[in-house]
Amino acid sequence: MAILPDYMPIKVFEQYAERYDQWFVDHPDVYLGELKRVKIAIGTVPTPVLEIGVGSGRFAGPLSIKHGVEPSLPLGLMAKKRGIEIIQGIGESIPVKSRTFRTVVMITVLCFLEGPDETFREVHRVLMHDGTLVVAFIEKGGTIAQTYLTRPDKGTFLSHARFYTQEEVVSMIKRNGFVLKSADCRMGFCILVFHKDE
Amino acid sequence: MKRELNDILCCPVCKGDLELVVTEENDVEILTGALICHACSVTYPIDEGIPNLLPQNTTS
């Protein structure tokens, strides 16, 4: 098994952290549109909330998420400045005690995971009884994936991504101990809400 | 990292408890230090107020 911090997507985020964060400034329409949809999907989820792959905190900040796991230190430092308590780590081995959080949020991180099944097993472990999992992702073959893969700004990151269809994601998460509660899939961006199945 | 964060942290590998060692702290948070997993004999550093809990014992 490769040493995980050397996993290519993590190295790309380390190298291009500033460019990654600048994308949200340069594309407010797309960013705010996705943020609004995630906000609606999340609603009033139970706290405390943990975001896996919190990045520079562009979603966690406005969503008032207090804790984030992020492998990239440069991105983690940006998120910290946005008021989020950062734990440098990976979703496949979450360094958090079992049954700690009531909600886990993952926004456009699934496509960059080396081990998605391991990650969902870990999310199941850190969630309390009847905990909520919110997964937002760019759908395989959808409008966003097609549009941005060829563009130099977002393409820097998405070219290292592994996209999944809605059906693949639902199946993957269900087999790791979750029940689907709601789905909002439009314009190539999907938001799925699950409950932990004990 | 705030001191209370240590209450929820564990070793990313064995999930065991971590011993907190503080080197530098201000009124708000721990700035530098370490989190030690005695079971794995691994020291995870805290730098710039962020605990680095990336797994260290994976091998190529």
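Residues numbered from 1 in each chain as written. Chains lettered and ligands numbered in written order. Predicted model: local features only at pLDDT ≥ 70, side-chain atom pairs only at ≥ 80, totals over all residues. Heavy atoms only, no water.

1. Some remarks on the interface of chain A and chain B
Quite often, the size of an interface is put as the accessible area lost when its parts meet.
Now for step 1: Contacts between chain A and chain B engage 26 residues on the former and 23 residues on the latter.
Now for step 2: Across the chain A to chain B interface the summed buried area is about 2,000 Å²; carbon plus sulfur atoms make up 62%.
Now for step 3: At the junction of chain A and chain B, the tally comes to three salt bridges.
Now for step 4: For Asp 17 of chain B, the salt bridge goes to Lys 97 of chain A, with nearest N and O atoms at 3.8 Å.
Now for step 5: At the boundary of chain A and chain B, one finds 10 residue pairs in polar contact (both at pLDDT 80 or more).
Now for step 6: Elements that contribute at least two residues to the side of chain A that touches chain B include exactly helix 4 (73–81), strand 3 (85–87) and helix 5 (116–126) of chain A.
Now for step 7: Element by element, the count of residues in the side of chain A that touches chain B is highest for helix 4 of chain A, at four residues. (Contact = heavy atoms within 4.5 Å. Buried area = accessible area lost by both parts, 1.4 Å probe. Salt bridge = Lys/Arg side-chain N within 4 Å of Asp/Glu carboxyl O. Polar contact = N/O pair within 3.5 Å; in protein donor to acceptor, adjacent residues only side chain to side chain. Helix = DSSP H or I, 4+ residues; strand = E, 2+ residues; numbered from the N terminus.)

2. With respect to the state of the cysteines
Now for step 1: The tally for this structure, following the rule as stated, stands at one disulfide over all chains.
Now for step 2: Two residues share a disulfide in this structure: Cys 185 of chain A and Cys 190 of chain A, whose sulfurs sit 2.3 Å from each other. Judged by the sign of its S-S torsion, about 130°, the cystine formed by Cys 185 of chain A and Cys 190 of chain A is right-handed.
Now for step 3: Residue Cys 190 of chain A is classed as buried on the basis of its relative accessible area of 0%.
Now for step 4: Here Cys 14 of chain B is not disulfide-linked; the sulfur of Cys 37 of chain B is the nearest cysteine sulfur, at 3.6 Å.
Now for step 5: No disulfide involves Cys 40 of chain B; its sulfur sits 3.6 Å from the nearest other cysteine sulfur, which is in Cys 37 of chain B. (Disulfide = S-S within 2.5 Å. Buried < 20%, exposed > 50% of the residue type's maximum accessible area, 1.4 Å probe, protein only.)

3. Some points on the environment of Lys 80 of chain A
Now for step 1: Within the fold, Lys 80 of chain A resides in helix 4.
Now for step 2: As for Lys 80 of chain A and Gly 68 of chain A, which are separated by 12 residues in sequence, their C-alpha atoms are 9.1 Å apart.
Now for step 3: Setting aside residues up to four positions removed in sequence, Lys 80 of chain A forms contacts with Ile 86 of chain A together with Glu 29, Glu 48, Gly 49 and Ile 50 of chain B.

4. With respect to the nonpolar core
Now for step 1: Within the largest apolar cluster, 41 residues are counted, with the highest numbers of intra-cluster contacts made by Val 104, Met 106, Leu 110, Val 123 and Leu 133 of chain A.
Now for step 2: Looking at this core, the elements that each hand over two or more residues are strand 1 (49–52), strand 4 (101–107), helix 5, strand 5 (127–138), helix 8 (166–174) and strand 7 (189–196) of chain A together with strand 2 (30–37) and strand 3 (42–47) of chain B.
Now for step 3: Setting aside residues no more than four positions away along its own chain, Val 104 of chain A makes contact with Leu 50, Ile 52, Val 123, Val 126, Leu 127, Thr 132, Leu 133 and Val 134 of chain A.
Now for step 4: Judged by nonpolar contacts, the second largest core, of 36 residues, contains Leu 35, Val 45, Phe 59 and Ile 65 of chain A. (Core = buried A, V, L, I, M, F, W, Y, C linked by side-chain atoms within 4.5 Å.)

5. A look at the packing of aromatic side chains
Now for step 1: According to the stated counting rule, one finds five aromatic pairs over all chains in the structure shown.
Now for step 2: Members of the aromatic cluster, each reached through a chain of ring pairs, are Tyr 20, Trp 23, Phe 24, Tyr 31 and Phe 59 of chain A. (Phe/Tyr/Trp six-rings, centres within 6.5 Å; stacked < 30°, edge-to-face > 60°.)

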